[in-house]
Amino acid sequence: LANNTDQTGIADQTYTKAQFIKANVDHAFDTHNGWSDTDHAYTVPTGCGGYWFLNAWAEFDITSVQNIIAISTGTTVSGTLANFLTRGVTGDNTNSAPNTAPTIASIFFFNDGDSFHTQLYQNYGNSRTILAPDTGQTYLRSGMQGWRLF
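Cut-off values and rules
- Note on numbering: residues in each chain are counted from 1, in written sequence order.
- In view of the model being predicted, local features appear only for residues whose pLDDT reaches at least 70, and side-chain atom pairs are presented and counted only at 80 or more, with totals across whole chains, interfaces and linings using the full set of residues.
- Neither water nor hydrogens contribute to the side-chain values; these are computed over all heavy atoms in the structure.
- Think of it this way: any DSSP run of H or I at least four residues long counts as a helix, any run of E at least two long counts as a strand, and we number them from the N terminus.
- The rule is simple: take the accessible area with a 1.4 Å probe, protein chains only, and divide by the maximum for that residue type; under 20% is buried, over 50% is exposed, in between is partly exposed.
- Counting of polar contacts relies on pairs of N or O atoms within 3.5 Å, with two restrictions inside protein: one atom must be capable of donating a hydrogen and the other of accepting it, and residues adjacent in sequence are counted only when both atoms are side-chain atoms.
- Throughout, a contact is declared for two residues whenever any of their heavy atoms are within 4.5 Å.
- Among the buried residues, those of types Ala, Val, Leu, Ile, Met, Phe, Trp, Tyr and Cys that are joined through side-chain atoms within 4.5 Å form a nonpolar core.

A.B. asks: It is not clear to me how the side chain of Gln7 should be interpreted in this structure. Could you clarify?
C.D. replies: By secondary structure assignment, the location of Gln7 is in strand β1 (residues 7-10). Look at Gln7 and you get buried, because its relative accessible area is 6%. Within polar-contact distance, the side chain of Gln7 engages the backbone nitrogen of Gln19 at 2.8 Å. Excluding anything up to four places from it in sequence, Gln7 contacts Thr16, Lys17, Ala18, Gln19, Leu120, Arg128, Thr129 and Ile130.

A.B. asks: How should I be thinking about the nonpolar core in this particular structure?
C.D. replies: Core analysis: the biggest nonpolar cluster contains 21 residues, and Leu54, Phe116, Leu120 and Met144 have the highest contact counts within it. The set of elements that each furnish at least two residues to this core consists of β5 (50-58), β6 (67-73), β8 (103-110) and β9 (115-122). Apart from residues no more than four positions distant in its own chain, Leu120 is found in contact with Gln7, Ile10, Thr14, Tyr15, Thr16, Ala18, Ala58, Phe60, Ile68, Ile69 and Ile130. Counting residues in each nonpolar core, the second largest holds five residues, with Ile68, Ala70, Phe84 and Tyr121 among its members.

A.B. asks: Where do I start with the environment of Ser127 in this structure?
C.D. replies: Considering the arrangement of structural elements, one finds Ser127 in the loop between β9 and β10 (128-130). For the pair Ser127 and Ala11, spaced 116 residues apart in sequence, the C-alpha separation works out to 4.4 Å.

Listed below in structure tokens is the structure:
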């Protein structure tokens, strides 16, 4: 799952849902049809509960004191640690460092019907952007991946 256009409007000091999609995106596929391009969340299909390996990353347009990515339970943004499964932080004390990409990866247990999504946070001072590949590029600058292990 990835973003096929830059996602603008990542508000200052507010958790925002990453709007990753599978439609019309190179490298995006969903073998069990659990992803919703509307909710930007994955719901574990019936018979697919078990251990999952998840990986998410987001390349911001600029480094703030904190650029955060989190995988969270449910389909709505809460911004509370109680709903986070894991979170990764990058940062710098300058407002001019380019393109940091906090990355997280871990193994989780999900039951059938459980949902999860990716949240983003930054504290640059105004809204920021996570980046999609530029025209002609094939690498994923921001995205989420998951595999059911067993």
